[in-house]
Each structure stands twice: as C-alpha cells, then as structure tokens.
Amino acid sequence: SDVCSSDLDTVCVPTNSCVIFTIHDSFGDGIYAPGGYWVYADGVLVANGNAFGTIATHPIACPPGMFCSSPLPLNSGTFTAPFDNSYYVFACPVTGTYNITTCGMNTCNTKIWVYSSCSGSVIDEGPVGTYAYNDDASCGLQAELNVILIAGTTYYVRIGDNTDDCPGTIDFTFSYVGPVQGC
C-alpha cells in the first residue's frame, strides 16, 4: 500500500461493484480520535472509524448475505445460499433444539457455522470462534447440526463449502426440532 501525502484519496471502481475497504494498523491501536478514516461512495459516507485495533473491514455495495454485517433473514424453511459463505441472521424466539442441514440437497462438500456474534473480520474455515460447527455429518460430505439456541439471542449462520467444492449455490433447511431434552 502506498502512503498518501494528501488528506483525500479517490479510487474509481466500476458501477455496481462490491468493494471491500480494509485498513491495517501495524501498531494495533487504530487511529486516535479526532483522527480516523472516512469512506465515501458517490458522496455518501459508507464507513468510518478510528480505534479499530489492527484491522477494520467494511463491505461497500455488496449484496445481502455476503458478510455477517449484512446477513439474510433466517426462519424455518428451505433456502438456497447464494454464495460460498452466505450469512443469515436468526433472532431466536424460543429456546430449544434447531436443525440446520445440507444433507440430501447437495452433492458437494458443505459446512455449517453458527456464531453468537458478528465480528466481521477474518473468516476461519474451521470451528474457531463458532458457537457450533459441522463439516461432515452422518450423511457423508454434507453438513448437519442439531444445536441448542437460546431465546432472546441473535445468531449468525454461515452456509459454505470445503475449499470451494460447491460451484454456485448451496441448498439447506432450517427448522425447530423441539424443547431441549435431558439435563
């Protein structure tokens, strides 16, 4: 990255492009206020910040579901995840066991991640930082989770694949199984 001598830089990108703005700070404290960064797209402020630690990332003009900061809504039913790492948000209304599965709906190697927060930073391909995770279920290369979700909590569900194994979309279902059983 070039260090700019001016206070303002302009970058032109094609219309309707999904752009990811990322700023790094090698010392790890961001930029002290009143300093900071301000990102405008077509004259509209779309991202800003200062004390961001070592990295801040902001998707700009990206379709819903591409990042946990702009997830698609999730409720019971069958869905088609539009990206290889599509994010959904679920505001749990009832504590209980919920099932998320790609079994019998895909021929590629799928994965499911459930997060209790949206960090918006580095995507890990394994279970790091998850509330629940599954790679291969009893149905083979597809993934399935039976997970206890707590009422009043917001969860972020990521549907994806193993090393770009799924060309295109991924089908899955999400359903309430019932109350928590056992202790």
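Nothing here was measured: the structure is a model prediction, and the numbers come from that model.

Reading the values: the criteria
- Residues numbered from 1 in each chain as written.
- Predicted model: local features only at pLDDT ≥ 70, side-chain atom pairs only at ≥ 80, totals over all residues.
- Heavy atoms only, no water.
- Phe/Tyr/Trp six-rings, centres within 6.5 Å; stacked < 30°, edge-to-face > 60°.
- Helix = DSSP H or I, 4+ residues; strand = E, 2+ residues; numbered from the N terminus.
- Buried < 20%, exposed > 50% of the residue type's maximum accessible area, 1.4 Å probe, protein only.
- Lys NZ or Arg CZ within 6 Å of the ring centre and 35° of its normal.
- Disulfide = S-S within 2.5 Å.
- Pairing = 2+ DSSP bridges.
- Contact = heavy atoms within 4.5 Å.
- Polar contact = N/O pair within 3.5 Å; in protein donor to acceptor, adjacent residues only side chain to side chain.

(A) Just the packing of aromatic side chains, in detail. Tallied over the full model, the rule gives eleven aromatic pairs. Summarising the aromatic geometry, the rings of Phe21 and Tyr37 are spaced 5.5 Å apart at their centres and angled 40 degrees between planes, so their arrangement reads as tilted. With Phe21 in strand E1 (residues 19-24) and Tyr37 in strand E2 (residues 37-41), this pair connects stretches of sequence that are 16 residues apart. Look at Phe21 and you get partly exposed, because its relative accessible area is 24%. On the basis of relative accessible area, Tyr37 is assigned to the buried category, the value being 7%. An angle of 65 degrees between the planes, with centres 5.2 Å apart, marks the rings of Tyr98 and Tyr176 as edge-to-face. Note that Tyr98 is positioned in strand E8 (residues 96-101) and Tyr176 in strand E13 (residues 170-178), a separation of 78 residues in sequence. The class of Tyr176 is partly exposed, set by a relative accessible area of 36%. Here Arg158 stacks its cationic end above the ring of Trp113, 3.4 Å away from the centre of that ring.

(B) Looking closely at the state of the cysteines. Summed over all chains, the structure comprises four disulfides. The partner cysteine of Cys18 in its disulfide is Cys62, sulfur to sulfur 1.9 Å. Between Cys18 and Cys62, the S-S torsion sits near 85 degrees, and that sign places the bridge as right-handed. In this pair, Cys18 is assigned in the segment before E1 and Cys62 in the loop between strand E4 (55-60) and strand E5 (72-73), connecting sequence segments 44 residues apart. Since its relative accessible area comes to 16%, Cys62 is described here as buried. The closest cysteine sulfur to the non-disulfide-bonded Cys92 is located on Cys118, 18 Å from its own sulfur.

(C) Structural view of the sheet that holds strand E7 (residues 86-91). Across the sheet, which stays open at both edges, the five strands sit in the order E5-E7-E12-E9-E10 with mixed pairing between neighbours. Only two strands of the sheet have a single partner each, and these edge strands are E5 and strand E10 (132-134). Relative to strand E12 (residues 154-161), strand E9 (residues 110-115) is paired through six bridges, and the arrangement is antiparallel. Directly across from Lys111, in E12, lies its bridge partner Gly160.

(D) Structural view of the environment of Asp124. Looking at the secondary structure, you find Asp124 in the loop between E9 and E10. On the basis of relative accessibility, which here comes to 30%, the residue Asp124 falls in the partly exposed class. With near-sequence residues (within four places) excluded, Asp124 lies in contact with Trp113, Tyr115 and Arg158. Of note is the side chain of Asp124, whose polar atom sits 2.6 Å from the backbone nitrogen of Gly126.

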